[in-house]
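One letter stands for each residue in the lines below.
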Amino acid sequence: MSAPDEAANRAGRTGPAAGSAEPSGRVEDDGPAGTASSAGSTGTAAGSTGTPGGRPSGLRDPDRAVRGLGALTLSVETLVLLLAIQPIRLLGGDLGGSAIGVVVGLAMLAVVLAGCLRRPWAWHAATVLQGLLLLAGFLHWSLGALGLIFAGVWAYVLHVRRAILG
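Residues numbered from 1 in each chain as written. Predicted model: local features only at pLDDT ≥ 70, side-chain atom pairs only at ≥ 80, totals over all residues. Heavy atoms only, no water.

### As for the overall build of the protein
On a plain count of helices and strands, the protein comes out with five helices and zero strands. Each helix (α) and strand (β) of the protein, taken in turn from the N terminus, gives the series α-α-α-α-α. Counting over 166 residues, the protein shows a buried share of 27%. Counted over contacts in the protein with a minimum sequence separation of 6, partners at least 24 positions apart contribute 53%. (Helix = DSSP H or I, 4+ residues; strand = E, 2+ residues; numbered from the N terminus. Buried < 20%, exposed > 50% of the residue type's maximum accessible area, 1.4 Å probe, protein only. Contact = heavy atoms within 4.5 Å.)

Okay, structure coming up:
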């Protein structure tokens, strides 16, 4: 590393100084998906599906991105379930203490599963959660409607997971 590069690194900057090349001549692929890296390039784009070790999705960490999507979906489901209790009660729903307990239990299960999505079984359990929410439609029709909506959203999340992770 040259003296200007060391001074730039001490000043809090990372990488080479402006206008200078990296010592190894290697160009990093920090750009958008599909840009080629000159280090070990075989003539195809780094983000293409034909590159060994390439990222077909263009994401730096596809597992993390998919887990984030699943966790976000389950978090929104939790919020909607908890916020739905009072309007159902006010609009003539016969939600007793046990039915409210079921809704809160489903919401808490969604929170736990959102935190466990690193494990493969949690994805299956979250699918079962959608079925349980559909069954909660027997307590009140609006819970069944929420079950249909979130089952559709969860099916899309699983589709995206399959498309990204293969």
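### Looking at the packing of helix α2 (residues 62-90) against helix α3 (residues 97-115)
Remark: α2 packs on α3, axes separated minimally by 8 Å, with the N-to-C direction vectors making an angle of 165 degrees. The pairing of α2 with α3 is recorded here as roughly antiparallel in orientation. Handedness of the α2/α3 crossing: left-handed. Across from A71, L74, S75, T78, L81, L82, I85 and R89 in α2, the residues of α3 making contact are I100, V103, V104, L106, A107, M108, A110, V111, L113 and A114. (Axes fitted to C-alpha atoms, helices over the stretch in contact; angles between N-to-C directions. Parallel < 35°, antiparallel > 145°, perpendicular 65-115°, else oblique. Left-handed = near helix turned anticlockwise from the far one by under 90°.)

### Quick notes on the nonpolar core
Judged by nonpolar contacts, the single largest core of 28 residues is most densely connected at L74, L81 and L143. For this core, the secondary-structure elements that each account for two or more residues are α2, α3, α4 (120-135) and α5 (141-165). Those residues in contact with L143, other than ones at most four positions away along the chain, are L81, I88, V103, L133, A136 and G137. (Core = buried A, V, L, I, M, F, W, Y, C linked by side-chain atoms within 4.5 Å.)

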